[in-house]
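Reading the structure
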Amino acid sequence: MNHRGTKRGAALLLAGLLSVGLVPSALAAQDDTPALEKIAGYSTGYSDQEGGVAEIVAYSQDNQKFYLVNGREQKLDIVSLAGLTAGEEGQSLTLEQRLDVSQMIPGFAFGDLTSVAVDPVHDRVAVAVQAEDYAAKGAILLLNYDGEYLAHYPAGVQPDNVTFSPDGRYVLSANEGEPRQGYENGTDPQGSVTIVDLAAETPAPNTVTFEAFDAQREALTQANVILKQGRNPSTDLEPEYIAVDGDSATAYVALQEANSIAVLDLASGQFTGVHSLGFKDHSQPGNELDANKEDKQAKLQNEAFMGVYMPDGIALYEAGGKTFLLTANEGDASEWEEYANITTVVTGTVEEDGETTDVEVEVLDKTKLDGLPAVEEGTHFTLGGRSFSLYEVTQDGLTQVFDSGSDFESITAQAYPDHFNASNKNNKLDSRSDAKGPEPESVTVNLVEGKPYAYVGLERIGGVMVYDLSDPAHPAFVEYVNTRDFSVDFPEAGTDPAQGDVSVEGMCAVPASASPTGQALLLTANEVSGTVAVFQHSQQAEAPAELPFTDVAQGAWYYDAVAYAYENGLMAGMGNDLFVPNGTTTRAQLVTILHRLEGAPALPDTALDYPFSDVAADSWYGQAVYWAREKGIVKGVSDTAFGPDQALTREQMAAMLHRYAQYKQADLSASADLSGYTDAGQIANYAQAAMAWTNGTGLITGTSATTLSPKGTATRAQAATILLRMSDLFAQA
């Protein structure tokens, strides 16, 4: 829902308070022309509800072909894009070659082909292959563009990702070393990264392990690097994905289960650090989530969860002399035979037709892990962030400068309300709400006519989120595109071709200069449907014009609310082009908003100087305070003081809104039972009825499942949201 440029009457402007439990509006492109438009597709001919069919895709600008890991046949599909036409939808792509690489390495017992990468500098392709024996070393296989053997190099155990450095000098593999047969009857191989310097006279693999960090185990866990209890970094750190900087000097390695990034110096072949990515506080505004699969509705709210980012795919973006790491915050548990580091907790109940069902949520088992921060009792750690993040690379490690918060769930809830948080094996509403939600899987970056864009692929509900990275600290949401058809049911096995593209796994960005159409492209490999979608990215659709506030980013959960309040003259900035969304809302500010809603009626001078000694008649809020007092909407903090500059508490806000509703003759019959909140006894007597009413109408929810925080304060972003969400309530009165 886009409220920019839409001005409604004042009686409908007070648009619903849900001070921390709000569902932000999805932003969309400014016009009806999408930035991403699917122009072509390819099918492997297979599909599997368990995934693993079309996995990783890489593109060669030299021959205009893509190379796809076909997980069903464990072969490499080679498909040409040379005949594509810009802007023409429905183009089909056909298989040129299905390459079997399993016999190319003498004496090697081939297991899985897991990853592919292209080196356009030296016209070669690398594939990662795992050994049949889970504990044996894998290999990096080099091919020419026609799929002919060039060379191979031993890698670490279970290579899962392969990549070239931008200059083509190095090829690297991330070797997971997972204990796939369990700890009791199997082995736990070392995680590692294999580096091959292809510029050497005789290239030789250097497999770098984490043994040097075993002596630093305690320091790592104190810095919130997550390790399984009783396990050392050398075996427990499992490299998942690699991104190499533009200088081809440093690699950043995702350690998904450890919620960390390892930094690897390529010249020395040494890890220089392992850095935790931190945790996401879902009790804070902007970080709402839907963790309830039992209520069968999209309902985002703040809860006592800490999200553990645990990214799968990562990417690098360099701008303004700085390097930023992008992370797709999927989340991943360790479940191997007899071992599992996850459990479920009950966070509430749902009643329907007289039956009560527990709301269970999948969380990390804190008793089996080291490195988690101390939290209040009742707070749990969920897998993944249901988001993507940007971290600035600094001399001291990584500093998070952006997280997309609740965007992905709020946007998909609006786009597909009947299939929100559906899985990639069913179309059921709320199917994945208890476990990682949409699951951001992969992320990549492309420049389109000089403007940088991030693409984030969602594994479960599917589709791609597009963000403008022009300001890396404030990426702006552009659009969400999903080419899956939810009206088509899943068959007993696989998928129906009519379902379209299901479950994004890998992505590849093609700049316009390398594209056969002359337009920037995005290729997505969809592992369940076994398809590759080819999207054209045009600049016809731009993100909406910026507000005048430098601290309100497009894509922020409160953007529409701030735009609505600003454009209707209800809230202004705080000077210096700042709105200060996280600043505290004062008592005077909320009263002024209510006054403006009524058209800012004037009062006679006799009403403007009594009884508040701290409210001058000529102050910017003077008329509003005395108007609100005359209408019975506000009272003072004492007999002679109003406290205009005092921070507005949640219970004060409830009281003012309740009295304003009385003044508007709205329905006041709703009244919630607040006894389920452990801090309900903290509500002041004057606010008891108001808190029950605002909670009963869904206007003010708890800050967690068990806390109401009546003495907590409200931010300016939350106050703007009031203006965007109460209109329906009053319109129905």
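Residues numbered from 1 in each chain as written. Predicted model: local features only at pLDDT ≥ 70, side-chain atom pairs only at ≥ 80, totals over all residues. Heavy atoms only, no water.

1. Some words on the overall build of the chain
- A tally of regular secondary structure across the chain gives 11 helices and 38 strands.
- Taken against the 2.2 N^0.38 rule, which gives 27 Å for 733 residues, the C-alpha radius of gyration of the chain at 28 Å falls within 12% of a compact globule.
- In terms of overall dimensions, the chain has C-alpha extents of about 95 × 55 × 55 Å along its principal axes.
- Here the chain holds 733 residues, and the buried ones make up 61% of them.
- With an accessible surface of roughly 27500 Å², the chain has 43% of that area assigned to carbon and sulfur atoms.
- In the chain, 41 positive and 103 negative side-chain charges are present, and the distance between their average locations comes to 6 Å. (Helix = DSSP H or I, 4+ residues; strand = E, 2+ residues; numbered from the N terminus. Rg over C-alpha atoms; globule rule 2.2 N^0.38 Å. Buried < 20%, exposed > 50% of the residue type's maximum accessible area, 1.4 Å probe, protein only. Areas by Shrake-Rupley, 256 points an atom, 1.4 Å probe, with all protein chains shown as cover. Lys, Arg positive; Asp, Glu negative; His and termini not counted. Charge placed at Lys NZ, Arg CZ, Asp CG, Glu CD.)

2. Section: the packing of aromatic side chains
- Tallied over the full model, the rule gives 20 aromatic pairs.
- With centroids separated by 6.3 Å and ring planes inclined at 55°, the aromatic side chains of Phe 408 and Tyr 467 adopt a geometry described as tilted. Of the two residues, Phe 408 is situated in helix α4 (residues 407-415) and Tyr 467 in strand β34 (residues 464-468); the sequence distance between them amounts to 59 residues.
- Three or more aromatic residues joined by ring pairs make a cluster, and in this case those are Phe 388, Phe 402, Phe 408, Tyr 467 and Phe 477.
- If you follow Lys 368 out to its NZ or CZ, it ends over the ring of Tyr 339, 5.4 Å from the centre.
- Against the face of Phe 579 rests Arg 716, its NZ or CZ located 4.3 Å from the ring centre. (Phe/Tyr/Trp six-rings, centres within 6.5 Å; stacked < 30°, edge-to-face > 60°. Lys NZ or Arg CZ within 6 Å of the ring centre and 35° of its normal.)

3. Comments concerning the sheet that holds strand β11 (residues 159-164)
- Reading across from one edge, β11-β12-β13-β14 is the order of the 4 strands in this open sheet, with antiparallel pairing throughout. At either end of the open sheet lies a strand with only one pairing partner, and these are β11 and β14 (205-209). In this sheet, adjacent strand axes meet at a mean angle of 20° when their direction is disregarded.
- Pairing geometry for strand β13 (residues 192-197) and β14, over 5 bridges, is antiparallel. When the sheet's bridge partners are listed, Ser 192 is paired in β14 with Thr 209. (Pairing = 2+ DSSP bridges. Axes fitted to C-alpha atoms, helices over the stretch in contact; angles between N-to-C directions.)

4. A short note on the pattern of salt bridges
- Scanning all chains against the criterion turns up 22 salt bridges.
- Its salt-bridge partner being Lys 38, residue Asp 501 comes within 2.7 Å of it at the nearest N-O pair. In this pair, Asp 501 sits in the loop between β35 (476-481) and β36 (504-510) while Lys 38 sits in strand β1 (residues 36-43), placing the two residues 463 residues apart along the sequence.
- Lys 664 is the salt-bridge partner of Glu 598, the closest N and O atoms lying 3.3 Å from each other. With Glu 598 in the loop between α6 (587-597) and α7 (622-630) and Lys 664 in the loop between α8 (650-663) and α9 (688-696), this pair connects stretches of sequence that are 66 residues apart. (Salt bridge = Lys/Arg side-chain N within 4 Å of Asp/Glu carboxyl O.)

5. Here we look at α8
- The end-to-end C-alpha distance of α8 is 20 Å, a good match for the 20 Å that 14 residues give at a rise of 1.5 Å each.
- Gln 665 lies just past α8 and shows a positive phi near 60°. (Expected span 1.5 Å × (residues − 1).)

6. Observations concerning the environment of Asp 77
- When you line up the elements, Asp 77 lands in strand β4 (residues 75-80).
- Asp 77 sits in the buried class, given a relative accessible area of 0%.
- Distance in space between the C-alpha atoms of Asp 77 and Lys 664 is 66 Å, their sequence separation being 587 residues.
- Excluding residues that lie within four positions of it along the chain, Asp 77 makes contacts with Tyr 42, Thr 44, Phe 66, Tyr 67, Leu 68, Asn 70, Leu 95, Gln 97 and Arg 98.
- Polar side-chain contacts of Asp 77 include one of 2.7 Å to the side chain of Arg 98. (Contact = heavy atoms within 4.5 Å. Polar contact = N/O pair within 3.5 Å; in protein donor to acceptor, adjacent residues only side chain to side chain.)

7. What about the environment of Ser 470?
- On the secondary structure map, Ser 470 appears in the loop between β34 and β35.
- Those residues within four positions of Ser 470 in sequence are excluded, and the remaining contacts are Lys 451 and Pro 452.
- Side-chain polar atoms of Ser 470 contact the side chain of Asp 468, separated by 2.6 Å.

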